[in-house]
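A structural walkthrough
Residues per chain, in single letters:
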Amino acid sequence: MGTRMEVAQLESRMNTEDYRKLQSLFLDPSGASRSLSRTEFIDLAWSLVGRGSKEEYGLLFDSVVVTQEHCGLLLDADAVKEEGRVDWGGLCSFLLLELSDKVKNTRTSSVPCWKPPRTLTCPHRDQVQKALYMQSSGQYLTVSKGGTVGVRDGDDMSLLHTHRLQNSTVTPRDLWVTDMVLLHNIHKMAVSFTSKEVCFYDILTKQNFGCKYKLQGLKFTPWCLDYWVDPSHPDQAVLTIGDIGGQVSALYFTSAQISLFEKPSLRTDSDFTGIILWDELVRGKHRSCYTVTHQVHAPAWVRKVRYLGSLEAFVSCSTRPQSSMVIGWREKESRSLRVTSFFTKRGVWDVDHHRGLNLIATAGVDHQVLLWNPYVSSEPVCVLSGHMSPVVAVCFMQTKQQLLSYSKDKVLCLWDVSSQQCVHRLAGVFPKTQEDTHTLLFLHEEHQLLLLSFNSLLLLLETMKEEKRTSSHDHPVTCVLYNSLFRQVVSSDSASSVICWQADTGQKVKQFHRCHGNAEISTMALDGTQTRLFTAGTDGEVKVWDFNGRCLHRMNAGLGRAVDISQVLLLKRSILVMGWERMVTVFRLHSFSQSFVEPSEWKGGVQHRGDLLCATFQPPQTLVTGSDDGEIVVWNNDTEKALRKLQPHAEHENYKKQQGNSPDSHLSLKGREDSENFIAITRLFFLPGRTSAATGGADLVSCGGSGVVRLWNTIRSRLVGQFTAHNRDLGSIVMTVSPCGRYLVTADREGTLKTWDIQHYCLEPDDRITKEPPNLLCSFRTHLDCVTHLEMCVHGNRLLLLSASSDCSVALSFLPGDTVGLFGQEEQWCLERPGPLQEPEPDQRDHKGEESTRQGWGEVTSSSK
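Residues numbered from 1 in each chain as written. Predicted model: local features only at pLDDT ≥ 70, side-chain atom pairs only at ≥ 80, totals over all residues. Heavy atoms only, no water.

When you go through the protein residue by residue, the secondary structure sums to eight helices and 60 strands. Considering the protein as a whole, with its 865 residues, one finds that 57% of them fall into the buried category. Excluding contacts between residues fewer than 6 apart, the proportion of contacts in the protein whose partners are at least 24 apart in sequence is 52%. Only carbon and sulfur atoms are counted for the fraction: they give 48% of the accessible area of the protein, which is about 36,500 Å². (Helix = DSSP H or I, 4+ residues; strand = E, 2+ residues; numbered from the N terminus. Buried < 20%, exposed > 50% of the residue type's maximum accessible area, 1.4 Å probe, protein only. Contact = heavy atoms within 4.5 Å. Areas by Shrake-Rupley, 256 points an atom, 1.4 Å probe, with all protein chains shown as cover.)

Put into structure tokens, the structure is as follows:
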């Protein structure tokens, strides 16, 4: 049934002699190779090797068979056992694959720990166009649109002095710099201007940057530059120009260290600056250089150009979809170009190339970062999704195989290229500016600093000395649960792994790999007996496991499609799955007689206008669901009939009176609502112990987009309270409620957690909507990135908070906010040691409604096999 979850494996405990014995099993008496059935393998291996149990050999056999089938469709486990056979080559392939996975998983992704951002003294009054590092002097240069060059100290980034670039072609008032590059092999810099010229300045001049050459007569305004020098032949260099007419032009210099251009051919202007006309270069009048061009981007502007010396090719980009990225290949023994175009949906703002991996990254207007093989234009190698607005800059970290990307909504992401995962996300630290801010990204890996410009403002990010931060998982963590039976914490990640942790010490008990193949585990749930684990994958399946690592059922939630499952809710006679459509997907108890389970029909039909994201249950029969358009529906779970809808707008009560009091009137929807009402609902919880709902107090809490928390009265269908728990600009939040209903914990996309005291909040009936927030007990930051899931549990006599994050960690904290540690850290903790006083919760009922599953699911899943 898909794949087993890999426990502390038998194969890792076997030695070389054991494997020699195993190899002999796959030879018949004549010495020829043979394959073995499951029964044959278990009996022969167990008797010959003499290590481990028969069950472990069965698990090893199943893993080998499933690995062989994994390149095709997932098979039913029973069919695998009856039909699958294993030979020595198959076993070796599995062991090599497993070893490869282990090697990859043991590589720690280096996540930078940034010092607080530092705003630099800036001499510029207009936007910064470029930042560069001069290796020869160890100084940094910045240039503004108005032509002011700032020279900065290489150690502390202090401003040493400024220069004003001189260009006699235009008045100082009309001077407009578009780009700048260093010609480090000849101690010059090239600067492009909107006056359709490129000027070459001597950077060795102590008093000022003297202009030596002017390249004039360009057909279009040059917008971007790049300079490359052959490291083995510094006389050979390439200056590439991209312009606003869609043309990419390259100047090949053949004797750069002697002279860029032929001196006898030069004319001079009033400043004795050599004048070079573009037409002369094209006609070959300068023997020391020649040009090549293409116009594939026309009529779009060329946004970025790069010459890739290792490929002898030019890469450029534009916001025109048909020519989002273009590579111009040099033909051998020729000055012509062979051009390849790469298509994206909305075009590209920026490109960068990783020399070691030979991958090109593109910053997409469609919010995506794409990685391309330069030889394959049909489709990208992979898509890095995570930005919520256009990506304007990408930059590879060449020494770490990592990629930085920055988007218009001021979010900086760090991607691990090998795993294709976002390992770090930085937001909320950048200055608030207008929407059309020009942003520059400059990375200096050697000094471990990142310089960002926001129009004329310069912000410096420096990394602290790298310390090994604990990562509970090798990939972003998606969910965390507490298993009260085993006193363990269970967490899942985007690479389809599940890890069980000892709650008392924080140490790993066992790890299960590839539960859903290559699909991400989006959420999990435990049944009431705590012996069955439900994992939901983006492959559209929910799988039921025991804690020996065997998959007992596969639930076909997506009907064969890959869907995003946001929640699995276990009830007494059914399981509800949601996240990708407007209707509840339900699985009935009687369907679990089969290993592959199909969904049943939800009698209530479609009542939501948006996709369902979450649900909660309150005995004996009240079910509440929330959708991505902010709508909440209250159901009778026994009849599966929708009773009423909760709407945040104040006019709802009057509207109901206008519609009458018929049952259907409760399901009517008002036409247009304020956009604030369309806040996606990401979490729903009934408030335990609230008996005031009948008189008007709140009994339900919801959270979601824009950092908003709302409290509702489900009986009277009204909004009781509302407050903003986190910065609205950070988007959706997550939350959890303590079993006795005293504490509410919320968390955002920056890793900040907040604990609120809601014991008496919105408890008494009031005609007005309470907008004052409850008492904030603690605000703390356990994680470096987005918190993806929260869970509160009673462990012994303590109330604990579990938090999972995209920074690959799972944290344990005492309430209201004292962090114990991260699961997997070297130093073990002991929950028995003295700590902050923590009263045990008096009511340990599961407030999510799963207490109704303490009988039934454990029996069904064990007896159906």
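Okay, back to it.
Nonpolar side chains tend to gather and get buried jointly when the protein is soluble and globular. By size, the foremost hydrophobic cluster in this structure holds 24 residues, and its most contacted members are Phe 200, Leu 215, Leu 251, Phe 253, Leu 260 and Phe 261. Contributions of two or more residues to this core are made by strand E8 (177-183), strand E10 (197-202), strand E11 (210-216), strand E12 (222-230), strand E13 (233-243), strand E14 (248-253) and helix H6 (278-282). (Core = buried A, V, L, I, M, F, W, Y, C linked by side-chain atoms within 4.5 Å.)

A separate point is the side chain of Gln 567. When you line up the elements, Gln 567 lands in strand E41 (residues 567-570). Not counting the four nearest positions on each side in its chain, Gln 567 is found in contact with Thr 523, Leu 576, Val 577, Met 578, Leu 613, Cys 614 and Ala 615.

Within the span of helix H1 (residues 16-25), buried status applies to Asp 18, Tyr 19, Leu 22 and Leu 25. Along H1, the residues classed as buried sweep out an arc of 100° about the axis, all on the same side. Across from the buried face of H1, at angles greater than 90 degrees, the exposed residues are Thr 16 and Arg 20. (Arc of directions from axis to C-beta.)

In terms of burial, strand E30 (residues 439-444) is largely enclosed, as five of its six residues are buried. Inspection of the sheet shows E30 paired to strand E31 (residues 449-454) by six bridges, in the antiparallel sense. Across the sheet, His 444 pairs through a bridge with Leu 449, a residue of E31. Joining the antiparallel neighbours E30 and E31 is a turn of four residues, in which Gln 448 adopts a positive phi near 55°. (Pairing = 2+ DSSP bridges.)

Let us now look at the pattern of salt bridges. According to the stated counting rule, one finds 15 salt bridges in the structure shown. When the shortest N-O distance is used, the salt bridge between Asp 179 and Lys 130 registers 3.1 Å. Placement of Asp 179 in strand E8 and of Lys 130 in strand E4 (residues 128-134) is noted, with a sequence separation of 49 residues between them. Among the residues examined, Asp 179 registers a relative accessible area of 7% and is labelled buried. For the salt bridge of Lys 304 with Asp 350, the shortest nitrogen-to-oxygen distance reads 2.9 Å. Of this pair, Lys 304 sits in strand E18 (residues 304-308) while Asp 350 sits in strand E22 (residues 348-354), and the two are 46 residues apart along the sequence. Within this structure, Arg 609, Asp 629, Glu 631 and Lys 645 form a network of salt bridges that share partners. (Salt bridge = Lys/Arg side-chain N within 4 Å of Asp/Glu carboxyl O.)

Attention now goes to the packing of H1 against helix H2 (residues 38-49). Where H1 meets H2, the axes come as close as 10 Å, and the angle between the chain directions of the two elements is 140°. Taken as axis vectors, H1 and H2 run oblique relative to one another. Considering only the axes of H1 and H2, their crossing is right-handed. Facing Asp 18, Lys 21, Leu 22, Ser 24 and Leu 25 of H1, the residues of H2 in contact are Phe 41, Leu 44, Ala 45, Leu 48 and Val 49. Here the residues of the contact of H1 with H2 sort into seven nonpolar, one polar and two charged. (Axes fitted to C-alpha atoms, helices over the stretch in contact; angles between N-to-C directions. Parallel < 35°, antiparallel > 145°, perpendicular 65-115°, else oblique. Left-handed = near helix turned anticlockwise from the far one by under 90°. Nonpolar A, V, L, I, M, F, W, Y, C, P; charged D, E, K, R; others polar.)

Overall, antiparallel pairing links the four strands, which are arranged E33-E34-E35-E36 in an open sheet. At either end of the open sheet lies a strand with only one pairing partner, and these are strand E33 (477-483) and strand E36 (508-512). Adjacent strand axes in the sheet meet at a mean angle of 15°, parallel and antiparallel pairs treated alike.

The next thing to look at is the environment of Ser 324. Note that Ser 324 resides in the loop between strand E19 (313-317) and strand E20 (325-330). With a relative accessible area of 0%, Ser 324 lands in the buried category. Placed 21 residues apart in sequence, Ser 324 and Lys 345 show a C-alpha to C-alpha distance of 8.5 Å.

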